[in-house]
Amino acid sequence: MTPIDIVITYDFICPWCWIGHQSLKAGIEQAGMAGRFRSQYQPYELNPDMPKPSSNRKAYRSRKFGSWERSQVLDAEVAAAGKRVGLAFNYDRILVTPNTRLAHRLMRYVQDQDAARADDLFSAVMEAYFTRGQDIGSLDVLVDIAVSIGFDAAGVREYLNGSAGEASVVAQELQAQFDGVRSVPTYRVGNQRITGGQPPQHFARVLQAAAGEVENM
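Residues numbered from 1 in each chain as written. Predicted model: local features only at pLDDT ≥ 70, side-chain atom pairs only at ≥ 80, totals over all residues. Heavy atoms only, no water.

A. Main features of the side chain of His21. Along the chain, the position of His21 falls in helix H1 (residues 15-30). For His21, a relative accessible area of 3% corresponds to the buried category. Every residue in contact with His21, bar those within four places of it in the chain, is listed here: Ile8, Tyr41, Asp119, Phe122, Ser123 and Tyr187. (Helix = DSSP H or I, 4+ residues; strand = E, 2+ residues; numbered from the N terminus. Buried < 20%, exposed > 50% of the residue type's maximum accessible area, 1.4 Å probe, protein only. Contact = heavy atoms within 4.5 Å.)

B. Spotlight on the packing of H1 against helix H5 (residues 118-131). As a packed pair, H1 and H5 sit with axes 10 Å apart at the nearest point and diverge in direction by 135 degrees. Taken together, the axes of H1 and H5 lie oblique to each other. Here H1 and H5 pass one another in a crossing that is left-handed. For the pair formed by H1 and H5, the contact residues are Pro15, Cys17, Trp18, His21 and Lys25 on the first element and Asp119, Phe122, Ser123, Met126, Glu127, Phe130 and Thr131 on the second. Classifying every residue of the contact of H1 with H5 by side-chain character gives 6 nonpolar, 3 polar and 3 charged. (Axes fitted to C-alpha atoms, helices over the stretch in contact; angles between N-to-C directions. Parallel < 35°, antiparallel > 145°, perpendicular 65-115°, else oblique. Left-handed = near helix turned anticlockwise from the far one by under 90°. Nonpolar A, V, L, I, M, F, W, Y, C, P; charged D, E, K, R; others polar.)

C. Inspection of the layout of surface pockets at higher detail. Of the pockets and cavities examined, the largest pocket occupies roughly 430 Å³. In terms of lining, the largest pocket is formed by 19 residues, of which the most central are Ile13, Pro15, Arg61, Lys64 and Phe65. Secondary-structure elements contributing two or more residues to the lining of the largest pocket are H1, helix H2 (57-65), helix H3 (68-84) and H5. With 5 residues, the top contributor of residues to the lining of the largest pocket is H2. Class assignment of the residues belonging to the lining of the largest pocket gives a composition of 12 nonpolar, 2 polar and 5 charged. Among the secondary structure elements, those contributing two or more residues to the lining of the second largest pocket are H1, strand E2 (37-43) and H5. Residue composition of the lining of the second largest pocket, by class: 5 nonpolar, 4 polar and 4 charged. (1 Å grid on protein atoms, 1.4 Å probe; cavity = no way out; pocket = protein on both sides within 12 Å on 5 of 7 lines; lining within 4 Å. Points joined across faces, edges and corners; volume = space filled by probe spheres on them.)

D. Structural context of the sheet that holds strand E6 (residues 192-195). With mixed pairing, the 4 strands of this open sheet are ordered in space as E2-E1-E5-E6. Looking at strand neighbours, the two that pair on one side only are E2 and E6, the edges of this open sheet. Averaged over neighbouring strand pairs, the angle between their axes works out to 20 degrees when direction is ignored. Relative to E2, strand E1 (residues 4-10) is paired through 7 bridges, and the arrangement is parallel. Bridging from a neighbouring strand, Asp5 pairs with Arg38 of E2. Across the face of the sheet, helix H4 (residues 101-114) comes into contact with E1 and E2 while running at roughly 145 degrees to E2. Lying over the sheet, helix H8 (residues 166-178) contacts E1 and E2, oriented at roughly 100 degrees with respect to E2. (Pairing = 2+ DSSP bridges.)

Functional significance is not addressed by these values, which are geometric in nature.
This is how it looks when you write it as structure tokens:
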């Protein structure tokens, strides 16, 4: 049976991308379609001009939202939403806001080397940042994450130390903008587009419709 592609447009500092990913997986289970779908990850940097590798999160968020107190209110709302789908957001551990270009290049590497492990990388990077508070703008942190899902440290470090994957990430981001993506997460399933952290039942309905379209072709 031919797998149906789900294109996931995301950024690693977007909490709703992780929440939506969890809901997507639950939707696939609800639809009884495990194994029918495969994910393709399309980068979309929310802060492409963020200093590398990272910036002080409190200072950055205070500027962005007008005050640190306002940022904390938003963090609490996200943490509550994450808890409902089984994800732990420990914002008290997060000290930096990273530039995510290097992490997106790592995703390019993983998809080129072994696309079946792309889902594992996505979840591992999200958990490293939002749960453990690690700096995912750091080369060393990303190498450790790649090793944790079965990749060779030397190969990953060599790739990320150069410029490999850079042009691909930029091209994919431009393609996303050309395709009309204006926010993340955005999902393309067949001919349908889903935006935001939708509940599992919504994903299940769209997935069932996409499967039906393929079967009737």
